[in-house]
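# Structural overview for review
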Amino acid sequence: RVILLCSSFAFGFLAFTPLVHFRRASISLLTAALVLVGFEALGAPFIGSDTTLFIRDPQLGWRLRPGGDDEWLGVSVRVNSIGMRGELPDDSVEQRLLFLGDSVVFGAFLEVDSHTISARVESRLKADAVRAQCLNAGVGGWAPWQERRWYEQEGAALGADVVLVHLVLNDVTEPLDLIALGGSEEGFQLDHAREPGFFEGTTWATALRRLRRSSRDDDPRLAAAKAEALGVYEFLRSPSLPASRVAWARHLEELGGLVSAIRAEGAVPVVVSHPYTVQFEVPGLWWPQDAVAAWCGARSVHFVDIGRYMTSATADPLGAYCDAVHPNAQGTGLIADALADFLLQEGLVH
């Protein structure tokens, strides 16, 4: 469509303009059009395209666009009318479980909704004659501070009896990068977001957005914050670093606020810890899960350690993941088994 639009306009202007200087101008216009067309065709594989699935939110930073339908991380995703992946709440189902989390819960790289963790838990419970709806409130990049705000503003109204809080180790480190919290970044999701519209979806429009965003690095304050950012692997290997201790204390404080908000609504919180695959490969890196288990035990909060379950459930835990953190379809099936078994054993569903 870009080629047709630019070429038709340029060639038409050239054909119907009799004056020499207008013809020269039209040749320049045609050249510019061909440059744009060439950039659109040749630049697309290198620049990629942004998605319309995420929108800015003054309280949350970003959220899913209600009714969104677009590609994200190479797969097509549909968002329902209340801004969640998967089915809308079904009032005919008495038991309702709410899954809070980031891209792991959302289902990054999973092509169909039925492969997400929440959908697989619902299917597994149904196979055990338990009728319960599992709602997917996962949003890529979210951490407990965002989940708490969303839950207090909207999520609690969904009336879930059980709320599963899914923790991933980048929940500890990534919030430190956000401008809203003193860092240098808007967040991966907003860095790859655009408004709907034909021209907004072109490669050259995407390139211009990326150029504008990269100009933030010229700010010395933001550049310094970025240089000091704490990474997941550094955090895992060096828990005694001052930055690690501060980040961990903040994470537990945010988790405590979210758990308290859930309990205040009369729901039961269940904390679910997800591993990074490096923990399967390098001995001695399970300390964050052990610390969260102790934190939950001291507060009588239900806790599920997915990493430890994976090591016992499969001989190849690495084969259950798409990358360092996101489970594939096999992985979500194993996770669903662990969660369904736990929910049944603890009497949280019936």
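As a starting point, this report considers the structure included with it. Note that this is a predicted model, so its numbers are computed, not measured.

## Looking at the side chain of Q289
Position of Q289 among the secondary structure elements: in helix α13 (residues 287-298). Given the relative accessible area of 0%, Q289 is considered buried. In this structure the side chain of Q289 is engaged in a polar contact, spanning 2.9 Å, whose partner is the side chain of Q279. Residues contacting Q289, with those up to four places away along its chain left out, are S273, H274, P275, Q279, F303 and D305.

## Description of α13
Taking 1.5 Å as the rise per residue, α13 with 12 residues should run 16 Å; its terminal C-alpha atoms sit 17 Å apart, in good agreement. Restricting attention to buried positions, one finds in α13 the residues P288, Q289, V292, W295 and C296. Along the axis of α13, the buried positions cluster into a sector of 120°, meaning they face one direction only. Turned more than 90 degrees away from the buried face of α13 sit A294, G297 and A298, all of them exposed.

## A few points about the packing of aromatic side chains
Each aromatic ring pair is described using two quantities: the centre-to-centre distance and the angle formed by the ring planes. Under the defined criterion, the tally for this structure stands at eight aromatic pairs. Aromatic side chains Y233 and Y276 sit 5.9 Å apart centroid to centroid with 80° between the ring planes, which places their arrangement in the edge-to-face category. Of the two residues, Y233 sits in helix α10 (residues 232-237) while Y276 sits in the loop between β8 (268-273) and α12 (278-281), which places them 43 residues apart along the sequence. Among the residues examined, Y233 registers a relative accessible area of 36% and is labelled partly exposed. Three or more aromatic residues joined by ring pairs form one cluster here, namely F54, W72 and F188.

Analysis parameters
- All residue numbers refer to positions counted from 1 along the written sequence of the respective chain.
- Only residues with pLDDT of at least 70 are given local features in this predicted model, and only at 80 or more are side-chain atom pairs given and counted; all residues enter the totals for whole chains, interfaces and linings.
- Remark: hydrogens and water are excluded; side-chain values derive from all non-hydrogen atoms of the structure.
- Secondary structure counts use DSSP, requiring at least four H or I residues in a row for a helix and at least two E residues in a row for a strand, with both numbered from the N terminus.
- Exposure categories follow from relative accessible area, calculated using a 1.4 Å probe and restricted to protein chains: below 20% of the type maximum is buried, above 50% is exposed, and the middle band is partly exposed.
- Two N or O atoms form a polar contact when they lie within 3.5 Å of each other; inside protein one atom must be a possible hydrogen donor and the other a possible acceptor, and for residues adjacent in sequence the pair counts only when both atoms belong to side chains.
- By definition in these notes, contact holds between two residues if any of their heavy atoms fall within 4.5 Å.
- Here, expected helix span is obtained from the residue count minus one, scaled by 1.5 Å.
- Taking the helix axis as origin, the arc is that swept by the directions to the C-beta atoms.
- Working definition: rings of Phe, Tyr and Trp (its six-membered ring) pair if their centres are within 6.5 Å, and the pair is stacked with planes under 30 degrees apart, edge-to-face with planes over 60 apart, and tilted otherwise.

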